[in-house]
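These are the residues of each chain, in order.
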Amino acid sequence: MRSWAMPLCFDLDGTLGHFSSGFVLLREALGGLWGTAPTAEDLGRCTGSTDWEIVDELHRLRFGSGLDEPGYAAYQAACVERFQAVFAPGCREAVAYPGIIEALHRLAERHLVWLVSGNAPDLLAFKADALRIDPAIPRLGSLPRHDRADLLRRALEDGPGPHLYVGDRPHDLAAAQAAGLPFLGVGGAIPGDHPCLPTDAAPEQVVASVAALIRD
C-alpha cells in the first residue's frame, strides 16, 4: 500500500538513463522552426535548466523578445518529432540505468513518486516510455514561466514531508535546495557533500539511501 504522505521526486535525463545528443536535437528542432539553428555557443550562454527557460533565452537572443506559449508548443512538437525519428526502433537506443529504474518502481509501491524533469511534457512522456517507466507514475515536465524548483513545489504541494529529489546535475541540487528538499545524487557530476550513488547502483542500495534521507 502506498504511503501518500511522502511524495518523492526523480529527475529523468542522467538520473534514470540518458539520450545521447539531446541538445543537438533541441538545436535542430529550433533550426527547423526559426530558419537557422542556435549555435552551441548560444546554448552555452543559457542559464536555465528547463526546456522553457532554455528556449525562452534562445528566443530572446534571436528575436529580442520572450517566448510565448504557442511558440513553446511548436518547439515541443518539433523536438518530440526529432527524438521519435532518432530513437525509433532499429535506430539509436536510449541507455537505461536498470537498478535505479527498478528502485523507482519499488519506491512507487509505497510512496507517491513523481518524475519532475526539465523536458517539455510531451518529450518527457516519450523518454519515460522509452525507458519503460511505469505510466502510472505521474510526470511533470517543463512549464511556461516555471523553473525547476517551481516544478518541484508544484509536484509536492498537496503532500506533507519529508520529501526528496533525486538528480544528476548541479542544477538539480540547486533546485532541491531552493525548494528546501534533501537531495540524492546519481553519478559523479555534482560536487558537494550530499549522498551520491553510481549509475549502476543496485535497487536495494537506492531504496536504502532514499529511506535514510527521508528519516532524517
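Each chain carries its own residue numbering, running from 1 in the written order of its sequence. Reporting in this predicted model follows two pLDDT cut-offs: at least 70 for local features of residues, and 80 or more for side-chain atom pairs to be given and counted; totals over whole chains, interfaces and linings ignore these cut-offs and use all residues. Where side-chain values are given, they derive from all heavy atoms of the structure, hydrogens and water being excluded.

**Side note on the overall build of the chain**
Argument step 1. Strands are runs of DSSP state E lasting at least 2 residues, helices are runs of H or I lasting at least 4, and numbering of each runs from the N terminus. A tally of regular secondary structure across the chain gives nine helices and eight strands.
Argument step 2. Just to be clear, the radius of gyration here is over C-alpha atoms, and the globule rule we use is 2.2 Å times residues to the power 0.38. Against the compact-globule benchmark of 17 Å for 216 residues, the chain has a radius of gyration of 17 Å, which places it among compact chains.
Argument step 3. Across its three principal directions, the C-alpha atoms of the chain cover 50 × 40 × 30 Å.
Argument step 4. Buried means the residue's accessible area, taken with a 1.4 Å probe over protein chains only, is under 20% of the maximum for its type, while exposed means over 50%, and partly exposed covers the values in between. With 216 residues in all, the chain has 49% of them scored as buried.
Argument step 5. Taking as baseline every contact in the chain between residues at least 6 positions apart, the subset at least 24 positions apart corresponds to 64%. Here, two residues are considered to be in contact whenever any of their heavy atoms come within 4.5 Å of each other.

**Overview of the packing of aromatic side chains**
Argument step 1. Pairing of aromatic side chains here covers Phe, Tyr and the six-membered ring of Trp, requires ring centres within 6.5 Å, and sorts the geometry by plane angle: under 30 degrees stacked, over 60 edge-to-face, intermediate tilted. Throughout the structure, instances matching the rule amount to seven aromatic pairs.
Argument step 2. When the centroid spacing of 5.3 Å and the interplanar angle of 85° are considered together, the rings of tryptophan 34 and phenylalanine 63 count as edge-to-face. Separated by 29 residues along the polypeptide, tryptophan 34 in helix H1 (residues 22–34) and phenylalanine 63 in helix H3 (residues 51–63) bring together distant segments of the chain.
Argument step 3. Among the residues examined, tryptophan 34 registers a relative accessible area of 18% and is labelled buried.
Argument step 4. Overall, phenylalanine 63 belongs to the partly exposed group, its relative accessible area being 44%.
Argument step 5. What links up through ring pairs into an aromatic cluster is the set Phe19, Phe83 and Phe87.

**Looking at the packing of H1 against H3**
Argument step 1. Angular values range over 0 to 180 degrees, each being the angle between N-to-C directions of two axes fitted as lines to C-alpha atoms, with helices fitted over their stretch in contact. With their axes 12 Å apart at the nearest point, H1 and H3 run at an angle of 45° to one another. Relative to H3, the element H1 is oriented oblique. With respect to the hand of their crossing, H1 and H3 are arranged in right-handed fashion. On H3, the residues that touch Phe23, Leu26, Leu30 and Trp34 of H1 are Asp51, Ile54, Val55, Leu58, His59, Arg62 and Phe63.
Argument step 2. For the contact of H1 with H3, the class distribution of residues is eight nonpolar, one polar and two charged. Here the word oblique covers every angle except those under 35 degrees (roughly parallel), over 145 (roughly antiparallel) and from 65 to 115 (roughly perpendicular). Here is the rule for handedness: rotate from the far helix to the near one, and if that takes an anticlockwise turn smaller than a right angle the crossing is left-handed, while a clockwise turn gives right-handed. In this count, Pro and Cys sit with the nonpolar residues alongside Ala, Val, Leu, Ile, Met, Phe, Trp and Tyr, while Asp, Glu, Lys and Arg are called charged and the others, Gly among them, polar.

**Focus on the nonpolar core**
Argument step 1. Remark: nonpolar core denotes a set of buried residues (Ala, Val, Leu, Ile, Met, Phe, Trp, Tyr, Cys) joined through side-chain atoms within 4.5 Å. Counting 52 residues, the largest nonpolar core has Phe10, Leu16, Leu115 and Ile133 as the members making the most contacts within it.
Argument step 2. Counting residues per element, this core draws most heavily on helix H4 (residues 69–86), at seven residues.
Argument step 3. Excluding residues within four positions of it along the chain, leucine 16 makes contact with Phe10, Asp11, Ala96, Tyr97, Ile100, Ile101, Leu104, Leu115, Leu131 and Ile133.

**A closer look at the pattern of salt bridges**
Argument step 1. Whenever Lys or Arg places a side-chain nitrogen within 4 Å of a carboxyl oxygen from Asp or Glu, that contact is recorded as a salt bridge. Applying the stated criterion across every chain, the model contains eleven salt bridges.
Argument step 2. One salt bridge connects glutamate 28 with arginine 82, and the closest N-O pair in it is separated by 2.5 Å. Of this pair, glutamate 28 sits in helix H1 while arginine 82 is found in helix H4, placing the two residues 54 residues apart along the sequence.
Argument step 3. Aspartate 150 is the salt-bridge partner of arginine 153, the closest N and O atoms lying 3.2 Å from each other.

**A closer look at the side chain of aspartate 172**
Argument step 1. With respect to the secondary-structure elements, aspartate 172 resides in helix H8 (residues 170–179).
Argument step 2. Look at aspartate 172 and you get buried, because its relative accessible area is 0%.
Argument step 3. Beyond its immediate chain neighbours, meaning those up to four positions away, aspartate 172 contacts Asp11, Arg148, Tyr165, Gly167 and Phe183.

**Quick notes on helix H7 (residues 148–156)**
Argument step 1. Taken together, the buried positions of H7 are Arg148, Ala149, Leu151, Leu152, Ala155 and Leu156. Summarising the axial view, the buried residues of H7 lie within an arc of 155°, below the 170-degree limit, and thus occupy one face.
Argument step 2. We call two N or O atoms a polar contact when they sit within 3.5 Å, provided that within protein one can donate a hydrogen and the other can accept it, with sequence-adjacent residues counted only if both atoms are side-chain atoms. Of the residues that open H7, the one with a side-chain oxygen 3.2 Å from the backbone nitrogen of alanine 149 is aspartate 147. It is the directions from the helix axis to the C-beta atoms that the arc portrays.

**Some thoughts on the environment of leucine 143**
Argument step 1. Within the secondary structure, leucine 143 sits in the loop between strand S5 (139–140) and H7.
Argument step 2. Under the relative-accessibility criterion, leucine 143 is labelled buried at 18%.
Argument step 3. Dropping the residues within four chain positions of it, leucine 143 is found in contact with Trp52, Tyr72, Pro121, Leu151 and Arg154.

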